[in-house]
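Residue strings, one per chain:
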Amino acid sequence: MSEKIETVNNAVACFNSLPESGDGKYTLKIIVGGITCALKLIYERHYNELKERYAKFLLNDPTDVRCDINIDVFAKDEWDSSSFPAIDVHHINNKHYAFRWDFHSEFDTITGNGRFLSIPDTNILTIDSFVRISYSLMVVLHGGFLIHSAAILRNGNAFLFSGVSDAGKTTVSRISMAENKVLTDEISLVKPSAGEYIAYGTPFWGELQHGLPDSGALKGIMFLQKDTDVYLSKLNRKKALRKLMTNVLFFAKDENLSSRLFSICCEAVTLFDSFDLHFLPDNSFWRCIDEQYSEQICSES
Amino acid sequence: MSSILNKFVARADNIAYRTVADEAVIMTPADSMLHELNEVATSIFANINGKRTVRELCKLAFNEYEVEMARLEADISTLIGELEKKNILQLSDAPIN
């Protein structure tokens with residue numbers, strides 16, 4: 001057995017010795033894009049910090065009704081941080097594992113149960129990473145996806161501005177805040193409803209530390225290109241599909257889920273427009289978008 | 001080249017694919033990689049059913065495109081070989097169900 005396989009097997013095995021449910025006394029519930037999540041936390045500090053971070057997405061439900069996602073947090077005093085310098089994902093049937101230097105996690109896509117293991121005084125960003133991973137898996141089962149993008153509501157319609165780090169998501173969000181509703185500057189949740197896709201804000205914010213629990217019918221996705229000129233370049237469906245898949249958050253090597261996500265993305269690019277948005281760091285790009293969509297509205301009518 | 005021409009060829013069971021604007025986009029789920037075929041490769045890919053050999057695929061393409069058979073056999077053999085390496089296709093000495 002190679003050293004790597006043994007390391008992974010040992011990491012998976014650490015969950016066999018964990019109880020199904022943790023001893024967490026502090027339960028926090030959130031709702032993002034209609035998908036509910038309960039976090040059972042051990043430490044009051046984690047509870048308070050996450051409560052603040054997710055403040056706009058809290059679900060006030062004191063009952064024991066299970067959420068779509070149910071995460072139990074565990075702590076382990078001794079920790080070998082050298083085995084997984086970067087995130088490493090595996091799955092055994094419906095159980096998805098993510099191992100990183102600062103946490104090990106397991107998420108069952110059938111039950112929606114997750115177990116998260118880290119050092120006792122872990123940073124809440126580590127727990128937030130696992131919440132994101134859990135949502136990225138669960139949303140696929142709801143026919144949607146998480147995507148690296150700002151989501152902005154303009155006149156009731158949602159537009160996504162997508163790209164990797166430093167593509168300009170935060171810049172576009174900051175510029176747009178005065179006249180529009182910025183739902184998120186970092187990660188959007190997209191899900192189908194009644195023949196169209198809806199973009200939702202998330203608490204998985206970036207530099208702006210801004211997320212709103214609002215949503216809108218998704219009209220278009222703009223892949224950000226910093227430039228010295230401002231224009232939109234419409235993408236054909238093949239290019240749109242490739243760019244969409246590149247920017248979707250997905251932490252699994254599960255063939256069934258991957259195929260499902262692929263089908264979702266194929267469907268999605270037929271239901272909203274995709275563009276490369278060449279932009280300057282000012283609000284001139286909105287003029288291009290307004291012109292594009294006013295032309296569409298005219299031609300549709 | 002002669003050996004591959006007599007092989008039966010099928011699409012791998014686990015791939016996901018869609019034809020978008022007459023060109024196939026294929027995902028190999030094991031690595032979540034996207035692979036794109038041009039229009040000609042897509043029409044060859046569409047004829048793959050596990051019951052045809054590479055040579056039969058060449059004959060179908062010969063009826064469709066004005067290209068010498070020797071050239072077609074070389075190009076299609078290369079294409080099939082590349083797609084097999086990417087785990088998109090599987091080859092066999094017998095028909096594949």
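All values derive from a computational prediction rather than experimental measurement. (Residues numbered from 1 in each chain as written. Chains lettered and ligands numbered in written order. Predicted model: local features only at pLDDT ≥ 70, side-chain atom pairs only at ≥ 80, totals over all residues. Heavy atoms only, no water.)

Visitor: In this structure, what is going on with the domain arrangement of chain A? I would like to understand it.
Guide: Where the parts come together, the accessible area they lose is often given as the size of the interface. Residue and element names in this part refer to chain A. By the assigned domains, chain A splits into domain 1 (3-141) and domain 2 (145-300). Averaged C-alpha coordinates put domain 1 and domain 2 at centres separated by 27 Å. Counting residues at the interface gives 25 residues for domain 1 and 26 residues for domain 2. Interface area for domain 1 against domain 2, summed over the two sides, is near 2,300 Å², with a carbon-plus-sulfur share of 72%. Its largest share of buried area at the contact with domain 2, domain 1 owes to Phe57, Arg132 and Val140, together 27% of the area lost on that side. (Domains from an automatic or database assignment. Contact = heavy atoms within 4.5 Å. Buried area = accessible area lost by both parts, 1.4 Å probe.)

Visitor: Explain the pattern of salt bridges here, please?
Guide: Residues and elements named next belong to chain A. Under the definition given, this model contains 21 salt bridges over all chains. Two residues, Glu49 and Arg45, come together in a salt bridge whose shortest N-O distance is 3.4 Å. In this pair, Glu49 and Arg45 are both assigned in helix α2 (residues 44-53), 4 residues apart and thus about one turn of the helix distant. Arg45 sits in the partly exposed class, given a relative accessible area of 38%. (Salt bridge = Lys/Arg side-chain N within 4 Å of Asp/Glu carboxyl O. Helix = DSSP H or I, 4+ residues; strand = E, 2+ residues; numbered from the N terminus. Buried < 20%, exposed > 50% of the residue type's maximum accessible area, 1.4 Å probe, protein only.)

Visitor: What is the right way to read the packing of helix α5 (residues 237-247) of chain A against helix α6 (residues 255-271) of chain A from this model?
Guide: Two quantities define a packed helix pair, namely the angle between the helix axes and the distance between the axes. Residues and elements named next belong to chain A. Put simply, α5 and α6 touch, their axes get as near as 9 Å, and they point 130 degrees apart. Relative to α6, the element α5 lies oblique. Considering the relative orientation of α5 and α6, their crossing is right-handed. In contact with Arg237, Ala240, Leu241, Leu244 and Met245 of α5, α6 contributes Leu261, Phe262, Cys265, Cys266, Ala268, Val269 and Thr270. Looking at side-chain class alone, the contact of α5 with α6 contains 10 nonpolar, 1 polar and 1 charged residues. (Axes fitted to C-alpha atoms, helices over the stretch in contact; angles between N-to-C directions. Parallel < 35°, antiparallel > 145°, perpendicular 65-115°, else oblique. Left-handed = near helix turned anticlockwise from the far one by under 90°. Nonpolar A, V, L, I, M, F, W, Y, C, P; charged D, E, K, R; others polar.)

Visitor: When you look at the interface of chain B and chain A in this model, what are you seeing that I'm missing?
Guide: Listed by partner, the interface residues are 15 residues for chain B and 12 residues for chain A. Both faces combined, the contact of chain B with chain A buries some 1,400 Å², and carbon together with sulfur accounts for 60% of it. Ranking the residues of chain B by area buried against chain A places Arg18(B), Val20(B) and Leu34(B) at the top, with a combined share of 38%. Seen at the junction of chain B and chain A, the total is 3 salt bridges. For Glu23(B), the salt bridge goes to Lys238(A), with nearest N and O atoms at 2.4 Å. Applying the counting criterion to the chain B and chain A interface returns 5 residue pairs in polar contact (both at pLDDT 80 or more). Mapped by element, the contributors of at least two residues to the side of chain B that touches chain A are β2 (16-20), β3 (23-28) and β4 (33-36) of chain B. In terms of residues, the side of chain B that touches chain A owes the most to one element, β2(B), which gives 4 residues. (Polar contact = N/O pair within 3.5 Å; in protein donor to acceptor, adjacent residues only side chain to side chain.)

Visitor: Just to check I follow, could you spell out the nonpolar core for this structure?
Guide: General note: in soluble globular proteins, nonpolar side chains tend to be found buried as a group. All names here are of chain A. In terms of nonpolar packing, the biggest core is built from 73 residues, with Leu39, Tyr135 and Leu244 touching the most fellow members. With 10 residues, the single largest contributor to this core is helix α3 (residues 124-141). Composition of this core by domain shows at least three residues from each of domain 1 (3-141) and domain 2 (145-300). Excluding its chain neighbours within four sequence positions, the residues that come into contact with Leu39 are Tyr26, Thr27, Leu28, Leu50, Tyr54, Ile71, Ile127 and Val131. (Core = buried A, V, L, I, M, F, W, Y, C linked by side-chain atoms within 4.5 Å.)

Visitor: Please explain the state of the cysteines as it appears in this structure.
Guide: Put plainly, two cysteines are in a disulfide when a covalent bond ties their sulfur atoms together. Residues and elements named next belong to chain A. In this structure the tally under the stated criterion is 0 disulfides over all chains. Cysteine Cys266 is unpaired, with the sulfur of Cys265 as its nearest cysteine sulfur at 7.3 Å. Residue Cys266 is classed as buried on the basis of its relative accessible area of 5%. (Disulfide = S-S within 2.5 Å.)

Visitor: Please clarify how α3(A) should be interpreted in this entry.
Guide: Spacing of three or four residues puts side chains on the same side of an α-helix, whose turn is 3.6 residues. Residues and elements named next belong to chain A. Between the first and last C-alpha of α3 there are 26 Å, a value that for 18 residues agrees with the 26 Å anticipated at 1.5 Å per step. Along α3, 16 of the 18 residues are buried, which leaves the element largely enclosed by surrounding structure. With a side-chain oxygen positioned 2.8 Å from the backbone nitrogen of Leu125, the residue opening α3 is Asn123. Following α3 by one or two positions, Gly143 adopts a phi angle in the positive range, close to 80 degrees. (Expected span 1.5 Å × (residues − 1).)

Visitor: Please explain the sheet that holds β2(B) as it appears in this structure.
Guide: Strand pairing within a sheet occurs via backbone hydrogen bonds; the two strands may be parallel or antiparallel. Residue and element names in this part refer to chain B. In spatial order, the strands read β2-β3-β4; together these 3 strands make up an open sheet with antiparallel pairing. Because the sheet does not close on itself, it has two edges, and the strands there are β2 and β4. Recorded for the sheet is a direction-independent mean angle of 20 degrees between the axes of neighbouring strands. Where β3 and β4 come together, 4 bridges link them in antiparallel fashion. (Pairing = 2+ DSSP bridges.)

Visitor: Is there a simple way to explain the packing of aromatic side chains in this structure?
Guide: For any pair of aromatic rings, the description rests on two quantities: the centre-to-centre distance and the angle between the ring planes. Residue and element names in this part refer to chain A. Per the counting criterion, the structure on display carries 16 aromatic pairs over all chains. Centre to centre, the rings of Tyr197 and Phe272 are 6.0 Å apart; their planes meet at 90 degrees, and the pair counts as edge-to-face. Linking Tyr197 in strand β12 (residues 196-200) with Phe272 in the loop between α6 and β16 (273-279), this pair joins segments that are 75 residues apart in sequence. Residue Tyr197 is classed as buried on the basis of its relative accessible area, which comes to 5%. (Phe/Tyr/Trp six-rings, centres within 6.5 Å; stacked < 30°, edge-to-face > 60°.)

Visitor: In this structure, what is going on with the packing of helix α3 (residues 54-64) of chain B against helix α4 (residues 69-85) of chain B? I would like to understand it.
Guide: Residues and elements named next belong to chain B. Put simply, α3 and α4 touch, their axes get as near as 9 Å, and they point 125 degrees apart. The angle between the axes of α3 and α4 places the two elements in the oblique class. The handedness of the crossing between α3 and α4 comes out as right-handed. Contact residues: Val54, Arg55, Leu57, Cys58, Lys59, Ala61 and Phe62 in α3; Met69, Leu72, Glu73, Ile76, Ser77 and Ile80 in α4.

Visitor: What am I meant to see in helix α1 (residues 3-13) of chain A here?
Guide: Residues and elements named next belong to chain A. Along α1, the residues that are buried comprise Val8, Ala11 and Val12. For α1, the angular spread of the buried residues around the axis is 100 degrees, confining them to a single face. Exposed side chains of α1 directed beyond 90 degrees from the buried face belong to Glu3 and Asn10. Here the buried face of α1 lies against β4 (88-92), β5 (95-100) and β6 (103-108). (Arc of directions from axis to C-beta.)

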